[in-house]
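Given next are the chains, with one letter for each unit.
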Amino acid sequence: MNVSWEAEADLVVIGGGVAGLTAARTASLRGLRVLTLSKGGPTDTSTQYAQGGIAVVAPRGDSVDSHVHDTVEAGAGLCDIDAVRSIVEGGQAAIAALTDLGAVFDLGRDGQISRTREGGHSTRRIIHAGGDATGAEVQRALNAAGLPVLFGAAALRVVTGPEGVCGVVAVSDNGFGVVHTPAVLLATGGLGQLYAASTNPPGATGDGVALALWAGAAVADLEFVQFHPTVLFTPGGVGRRPLISEAVRGEGAKLVDSHGDSVTAGVHPRGDLAPRDVVSRAIAARMRALGTDHVFLDARHLPGFAQRFPTITASCLAAGIDPAQQLIPVAPAAHYQCGGVSTDTYGRTAVPGLYAAGEVARTGLHGANRLASNSLLEGLVVGERAGAAAAERLGVRARITEIGSWTAEFADRSVVQQAMTEHASVVRDGDGLAHALERIEAAIGTVAVPEPAAGGGRLPISGAGGRSELGPVSQSEPGADFGDAGRCGPGRQADESGAFAWARHLRYVEDAALTITAQALLRVAAARTESRGCHTRSDHPGAVDAQRHSTMVRLEPRGGFDVSALPTDTAMVCVR
């Protein structure tokens, strides 16, 4: 493998959504040289698709205590209360910083920021933009800040040494590259592509979880995957599916089955606005009882639906449904990973110089089930803190002097998605989890990545002033050579071409991340022999007090997974 480019930075941010760009901006303002790597383009992020809004304490009729209470109640006993309070308290300052960047939020008739209510919230504290396009507005404002981002670049490995992080190995359409840096922030978003249908963009392939595990960090609470209760249902629909925001129910829409009966009546005191795990289970139970594959959302009585929810209206009309005249068919789909890379509330992991923020991180905010619209809040607050915390690595000598070969294991994505969709969705059981793990591991093949050669040159990156250059980069023939790297395993054919085709081989990179993430998730889901939050076991339907703890996973030095308990009242020791 030939290295085509090389760079240096004080901080490398992997991911171009709310957490990553907030961190990059914060670090840049403190004088750090920051390079952001993004697999896709400027809007290929989960942030872009976030509809509902941002949960932030309202100035009247609300309090930090109330928001903390709602968050902890939704988290089903696994929230870190200190972390919850810390992040909730940072909400108003985070929104102020975002509006200073130019973000515009919807206003009410009184000229003040308009607020709505979503599932699990006791009051109207959700601010929104463009009706149901809050994430798009947040992404627009952050993109407009003009931060340097290398688009179309995927991180392959975070390299560590005696003092912690020393760099990143990446690949782009220009070939393989190396960035020397003492600090890396994982802000890669979620893992929705583990499932056949999700609300996540195509790039949500669990990259951050995989990178953290390979670097020696721990991940926790992976079994808690939140399924959004109301995703637009179309027969045979797969891939990224449009969600029907919880705010629709907050404005008065009702969940009904094919007979017109309420889906959540008698299930929870808050009915259709119960926490998402409750509503998803209620829908799944009703679909099983009736033998159907969807239920309905009745929004026909809501005035001005198209004006309040223009994005949802457009998605419905594209599917041949007029929300003003027809019931909206909906079903649960994978939406958000509540767990992730174990960090403190400043994004620090136990690996010096490795940080994580946003959906990829497990700060203790979400516990066993995320409260609606707390995700953008967390991305803004912890992203800003992580960008500031990265300054503590200034002065650490970071240089990748050697990259040994490694072997990436992966199963075909279709195998992973089928196994996870059938056996690790809203409702699970021990036999199904074991079967899914067996199917995935039986399908694993390998890609061997040999040691790269070095070189010299310059790297172009896009920034506020157009194209600029950062650090030396090697000049070699276009592309990168796998050399004698072989592929083996079921269904794998050896690739003797030697040319690195970005679009083709990105699939292998992502499938390796999906595979290790699925392996870890299935193990901890099998270990949790209870139902709690958005982890529901049909063979263990009740919560067990002895299992009121987070479950942590690390990779063992010689391979395999080390699974252990992480008590909720024990703070993770982070090395600075």
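Residues numbered from 1 in each chain as written. Predicted model: local features only at pLDDT ≥ 70, side-chain atom pairs only at ≥ 80, totals over all residues. Heavy atoms only, no water.

## So, the nonpolar core
Counting 62 residues, the largest nonpolar core has Val184, Leu186, Leu194, Leu354 and Met420 as the members making the most contacts within it. Per element, the largest residue contribution to this core is 9 residues, and it comes from helix H15 (residues 502-527). Setting aside its immediate chain neighbours within four residues, Met420 contacts Leu194, Tyr195, Ser425, Ile440, Ala518, Leu521 and Leu522. One finds Val56, Val57, Leu98 and Val138 within the second-largest nonpolar core, a separate group that totals 44 residues. (Core = buried A, V, L, I, M, F, W, Y, C linked by side-chain atoms within 4.5 Å. Buried < 20%, exposed > 50% of the residue type's maximum accessible area, 1.4 Å probe, protein only. Helix = DSSP H or I, 4+ residues; strand = E, 2+ residues; numbered from the N terminus. Contact = heavy atoms within 4.5 Å.)

## With respect to the confidence of the model for the protein
Taken as a whole, the protein shows an average pLDDT of 87; of its residues, 88% reach a score of 70 or greater. Throughout residues 450-500 the model reports pLDDT below 50, and contacts reaching past four residues in sequence, or to other chains, amount to 131 contacts. Scored below 50 in pLDDT, residues 570-576 shows 15 contacts in the model against residues more than four places distant or in partner chains. (pLDDT = per-residue confidence, 0-100.)

## As for the packing of aromatic side chains
Overall, the coordinates contain 3 aromatic pairs when judged by the stated rule. Pairing Tyr195 with Phe227 gives two aromatic rings, centres 5.3 Å apart and planes at 80°, and the pair type is edge-to-face. Remark: Phe227 occurs in strand S14 (residues 225-232) and Tyr195 occurs in the loop between strand S11 (184-186) and strand S12 (197-198); sequence separation between them is 32 residues. Like Tyr195, the residue Phe227 is buried in the burial classification. Across the ring face of Trp214, the terminal group of Arg157 is positioned such that the distance to the ring centre comes to 3.9 Å. Between the NZ or CZ atom of Arg385 and the centre of the ring of Tyr346, over which it lies, the distance is 5.2 Å. (Phe/Tyr/Trp six-rings, centres within 6.5 Å; stacked < 30°, edge-to-face > 60°. Lys NZ or Arg CZ within 6 Å of the ring centre and 35° of its normal.)

## Quick look at helix H3 (residues 64-74)
For H3, the set of buried residues is His67, Val68, Asp70, Thr71 and Ala74. In an axial view of H3, the angular spread of the buried residues amounts to 165°, which keeps them on one side of the axis. If you follow the buried residues of H3, they end up packed against strand S4 (54-55), helix H4 (81-89) and helix H12 (374-389). One or two steps after H3, the chain reaches Ala76, where phi turns positive at roughly 55°. (Arc of directions from axis to C-beta.)

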